[in-house]
Amino acid sequence: MDLSRELASPGKHESHKGHKHFVLDPYTDALIRELRNKHVASLLSEKAPRLNADESLSLILAGNAEHVLALRNSPKTPGERHAQIVSGEADYLVVGCSDSRILRLDSEKDNLVGTFIRIAGNVVPKKGTPSFYEMKEAVSMVRKDGAIIFEGHDGGPGCGAVNERVKWIESGMPHTGSKPLDTLLHCVFGESPEQNAVAQLTVGRETLGIGERPSAAIIYDWDHSKHGHDEPIHIVSANHSGIIEILRDNWNRKHASAKEEGNLGKKLQNQRPHAIAVGSFDLPFSVGTILHADQNEVFSTTGSDQGLDDLDMASILYAIEHLHIRHIPFIAPASSGEEKKPRQMFDLWEKQLRGMEVHGEPLIAQMLDEGTIRITRLVYDLDSGKLVKI
Ligand SMILES: [Zn+2]
């Protein structure tokens, strides 16, 4: 089987292997175009209005309708993919930064099954924390000859977490006044996304049980020609493995098609997503694919039933305070009728967010109570791929 061809992901509505050409109903299609045009205008000009929480949710649900439609061409159902992941047979894991400009890798047409963790600075967390638990569990969900990848990113201003760390070191590593930010800065390494990704891979090999398994540090650089690279994805450190090459080819192809749509550099120059998603680590697709989100639409972090920790809080606070995001979708998988587990997990996440203090004030609790930010609880139905509000 030619896996690289199997992984090729043509444009949104292209037909595949003789399948019928499926299209969205005209209302959803028009809604997506309208909301995405408004969002793109807000990326290109600071003066243009951004999507509000209602519009953000509408775009998320309409994008999910595209995902559900695309699943009709999928070689595996979401339930089959999820079963493969939880039985330790996933093909790969990608640990990527929370940054919304990261390119999504997977698609409904893939035969390979991936799992995804999004964490500020693509760092390996400290042992004993919920984020460390998630990452260790995610590693154990990958088959023994599958790939484990740490994805750094560059382009434009680079990675915010790495930039913050450089400033912090230069100023003598002071307490920042923010416990989540302090924790993050102690986990980031190096002076560039490359140095950080390689360092995280090294730490991961030691602490996450990766050892000599196929693994890599890669950089996604949408400005690659400025940095003298031929391709937007380059591998900076890897055990040689065919699966890593396949994934790299797929990423490069996805970048080429994003570039074809035009204006990529301008759209990505300033990070201005409309939502910060908290996704459970056992989702059978990346959050970007479940929402059919383009680059610079959704900032992400990953949670589990162990709850959120400083590293998740660092992402969420950054999203609210610096990216001015006002919508926090929670997303977790379940078969229909089995929503009790996500419900309990969402209760825990919301309680922790409400308890988080910024400069001595429960900032998020206040904003939620005032209605200036909103949490939307969404269950990813493993039978249909549909997001259901609970
Ligand atoms: Zn980053």
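This text goes with the structure placed above it.
Everything quoted here is computed from the prediction, not taken from an experiment.

A. Broad picture of the pairing of strand 2 (residues 114-118). Of all five residues making up strand 2, five are buried, and the element is well covered by its neighbours. Judged by which residues are buried, strand 2 turns out to be covered on both faces: Gly 114, Phe 116 and Arg 118 on one side and Thr 115 and Ile 117 on the other are all buried. Inspection of the sheet shows strand 1 (residues 90-96) paired to strand 2 by five bridges, in the parallel sense. Bridging from a neighbouring strand, Gly 96 pairs with Arg 118 of strand 2.

B. Representation of the nonpolar core in the model. Membership of the largest hydrophobic core comes to 99 residues, with the highest contact counts inside it found for Tyr 92, Leu 93, Ile 149, Leu 184, Ile 331 and Tyr 380. The element that contributes the greatest number of residues to this core is helix 12 (residues 310-321), accounting for eight residues. Each residue touching Tyr 92, except ones within four places of it in the same chain, is listed here: Leu 112, Gly 114, Val 142, Gly 146, Ala 147, Ile 149, Ile 243 and Leu 247.

C. View of the sheet that holds strand 4 (residues 215-221). The five strands lie next to each other as 2-1-3-4-5, forming an open sheet whose pairing is mixed. Both edges of this open sheet fall to strand 2 and strand 5 (233-238), since each of them pairs with a single strand only. Neighbour-to-neighbour, the strand axes of the sheet open up by a mean angle of 25 degrees, direction not taken into account. Note that strand 4 and strand 5 share five bridges and pair antiparallel. Within the sheet, the bridge partner assigned to Tyr 220 lies in strand 5 and is Ile 233. Across the sheet, helix 5 (residues 130-140) lies against strand 1, strand 2 and strand 3 (142-154), angled at about 165 degrees from strand 2, the strand it touches most.

Criteria and cut-off values
- Residues numbered from 1 in each chain as written.
- Predicted model: local features only at pLDDT ≥ 70, side-chain atom pairs only at ≥ 80, totals over all residues.
- Buried ≥ 20, exposed ≤ 12 C-beta atoms within 10 Å, placed from the backbone.
- Helix = DSSP H or I, 4+ residues; strand = E, 2+ residues; numbered from the N terminus.
- Pairing = 2+ DSSP bridges.
- Core = buried A, V, L, I, M, F, W, Y, C linked by C-beta atoms within 7 Å.
- Contact = placed C-beta atoms within 7 Å.
- Axes fitted to C-alpha atoms, helices over the stretch in contact; angles between N-to-C directions.

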